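Commentary on secondary and tertiary structure
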Amino acid sequence: MENKDKFRIPIGPQHPALKEPEGFSVALKGEKIMGVDIRLGYNHRGIEKACEERPYIQDVYLIERVCGICSHSHSTCFVQAVEEIAGLQLPKRASYIRTLIAELERVHSHLLWLGVAGHEIGFDTLLMYTWRDREIVMDILAMLTGNRVNYGVNVIGGVKRDITPSQIQDVLKGMDLLEERTKYYIDLAMREETIIKRLSGVGVLSHEEALSLGAVGPTARASGVARDTRRDDPYAAYAEVSFNVITDNHNDVYGRTVVRLKELMESYKIIRQLLKNIPDGPLSVKAPRNIPAGEAISRYEAPRGEDVHYVKSNGTEMPERVKVRAPTLANVQAVKQMLKDRYLADMPIVIAAIDPCFSCTDRMVTVQNFDTGNHETISWDTLRVYGINWHKDRGVDFSNVTK
Amino acid sequence: MINAIFNILIFPGFLFVSIFGLMAEFIDRKIYARLQNRVGPPWFQTIADFIKLLAKEELVPCQANAKIFRAAPVFALASSVTAFLYIPMWSFGSLCSFSADTIVVLYLLTLPTLAIFIGGWYSTSLYARIGTVRSLTQLFAYEVPLFMGILSAALLADTWSLSGIAMFYSKHPLYCCFNIIGFCVSVIALLGKLEKVPFDIPEAETEIVAGAFTEYSGKSLAFLRLTLDVEMVVCSALLAIVFMPFGLSLPSVIGFALFIVKILFIISLISLLRTIFARLRIDQMIDFCWKYIAPLALLQLLINLILKGILKH
């Protein structure tokens, strides 16, 4: 306790509001938030390093497991970088199938988000409804790829699975159903009093702040930043479909909800165009086992925002360096700004509104004392001496044990 | 003597009201689940949960005041069960009825909130402290409209006793129609009292884990949850007797069945309401209660005062 009427409560790493381990230390004065400290790094898995120790073929599967929700985003982003280095020309049909899976993934991710948002504001009915409808797109994904998540459709130089005419009909049927449901949710978001009360004016991120803090994806678009990699730097088949970049000027959580809901409608539009115009042809080109030396940066509009992968190859079958910048890392900086002068009750929905994926974000660890904010580090030897002394104080002597 | 012990412990006292409470929770959860497109729990789920919790280890935080921490759930349960003894069920009389029992019932129904506040506060968890402060803040917002809603019905009947109210409205069933605003106000206030969505702010899971209940486990948690169930039944019974006193002169078995049906009707109303809203913030809840619910309750009071003046002449 810093003074009498201000105290700190931990939200996370274990907390019902968070689906993944993440530390938020909130300074409270009554119900009002005075400051927030964010601590990443509870779920660091070392995937980048692991990628550097495996051949590219295995890396595609490993990188897909960066995120459970946007798995296709990461694998596509990685594969695009490798293809650029190797100078492979993606077959048309493959690029259409990649785009199709990407949009289906966006649909399932946005529906999932809507349910989570409902849960965070105590509206469990919305959670149950959206997650029921999400099953439609999950079933479609399972039908097309064999898996509900981690689809495994990408290979370097193309895709692995074809899509049959009967599958196209099934997908179209599913899209009709989902479009009808999404219209209902848009209507709900526009009219339901308690939702509007809980969401509007909460977690405000102005246009300038969104730009200076480098927000991406729906978070930025809800602050009026018309930034969408699918349009700005088209990859796969996005150059051949027409769609709108949805922006909103609410600048708050409500705006982010509206943006995501309207993006769902755009996704249905894109999926219909893709299925209508899908060309015939081969599914992949043969990729060399050893990727020639070079480096590439690949950008991809994941459901949560722009995903960036950097790959450096050295002419062998394993990459020299892989770097992943997940969209949450770009957005998490904005959370602190959004929580300024808000209430504790807004905390879960403001964090949820950036659609955080903390495990994907945990790439880098900074050492910081949680309470004092010091950036001091401690060497291994100092830590060892400290440990020995700690046990000595309690009557156990480890000092004779060799290193 | 034996009769009194039977009444207090078995029927209509502790055992009956506990089992009824657990069943009411099941019905509430089942309706909630069906409205949300889920299957919902089997009928014995709440009883199984209760027994399971009784068998679990009970942990008391080392900084907590163990006596108060353990006593609070028992105190809360006892006061809500006691309140049930004053409510007439199938006839005009209740077990312990006297001339001002409406006030006593309302008072006894406030006690669980206070007991949970004290238990939560002394558990020293930060989440529990925020939750308890919220529940007290909320108490002032819903308690006033609830009291005004119920007491305005009593005002029209010109008596403070529940059996008197029931008797009056049975004689003049049409007068119940004047109390519709009071009924609506009371049901909404009940959502606050029972801490259901949209007023489940004191135990908002995604913000403060479980509010006052955060540190409770084992037997104490079982009794706390039972308290909430019993409170739900007693509050619904109170509303049923004040606002829907029909069929009290029927034979006791049919009258009793009707009484259960009335309670279940109010419980389903609560389940429906908690399905269709998102949780409000505490400031929005206070605003809502004082800006809309309290004036409506005042309006009801005014209507009944004027009505009473007309009726006298």
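Residues take numbers from 1 onward in each chain, read along the sequence in its written order. Lettering for chains starts from A, numbering for ligands starts from 1, and both go in the order in which the items are written. The predicted origin of the model limits local features to residues at a pLDDT of at least 70 and limits the giving and counting of side-chain atom pairs to 80 or more, whereas totals for whole chains, interfaces and linings rest on all residues.

Examining the sheet that holds strand E7 (residues 305-313) of chain A
All names here are of chain A. Strand pairing requires that DSSP identify at least two bridges connecting the strands. A run of H or I in DSSP becomes a helix once it reaches four residues, and a run of E becomes a strand once it reaches two; helices and strands are each numbered from the N terminus. Spatial ordering of the open sheet is given by E6-E7-E8, a layout of three strands whose pairing is antiparallel. Each edge of the open sheet carries a strand with a single partner, namely strand E6 (294-302) and strand E8 (319-325). Strand after strand, the sheet turns through a mean of 15° between neighbouring axes, direction not considered. When E7 meets E8, the two strands line up antiparallel, connected through six bridges. Its bridge partner being in E8, Val 308 is matched across the sheet by Arg 325. Strands E6, E7 and E8 of the sheet are contacted by helix H12 (residues 327-338), whose axis makes an angle of about 130° with E7. Between N-to-C directions, angles span 0 to 180 degrees; the directions come from axes that are lines fitted to C-alpha atoms, helices contributing only their stretch in contact. We call two residues in contact whenever the C-beta atoms placed from their backbones are within 7 Å.

What to know about the sheet that holds strand E3 (residues 32-39) of chain A
In a beta sheet, neighbouring strands are held together by backbone hydrogen bonds and run either parallel or antiparallel to one another. Residues and elements named next belong to chain A. Here we have three strands laid out as an open sheet, ordered E1-E2-E3, and antiparallel in their pairing. Here the strands that pair on one side only, and so sit at the sheet edges, are strand E1 (7-11) and E3. Shown here is a sheet whose adjacent strand axes are inclined to one another by a mean of 25°, direction ignored. Alignment of strand E2 (residues 23-29) against E3, held across seven bridges, turns out to be antiparallel. Across the sheet, Ser 25 pairs through a bridge with Asp 37, a residue of E3.

Comments concerning the interface of chain B and chain A
The interface of chain B with chain A comprises 24 residues on the first partner and 25 residues on the second. Sorting the residues of the side of chain B that touches chain A by element identifies helix H6 (126-157), helix H9 (205-208) and helix H12 (282-312) of chain B as the ones contributing at least two each. For the side of chain B that touches chain A, the per-class residue count stands at 13 nonpolar, five polar and six charged. We call Asp, Glu, Lys and Arg charged. Ala, Val, Leu, Ile, Met, Phe, Trp, Tyr, Cys and Pro are nonpolar, and the rest, Gly among them, are polar.

Some thoughts on unusual backbone geometry
Here the bond from Val197(B) into Pro198(B) is cis, since omega is 5°, no more than 30 degrees from zero. With a phi angle near 65°, Asn251(A) is a residue other than glycine that sits in the positive phi range. Take Asn251(A): it is sitting in the loop between helix H10 (229-232) and helix H11 (253-277). Even without glycine at this site, Glu195(B) takes up a positive phi of about 55°. You can see Glu195(B) is positioned in the loop between helix H8 (180-193) and H9.

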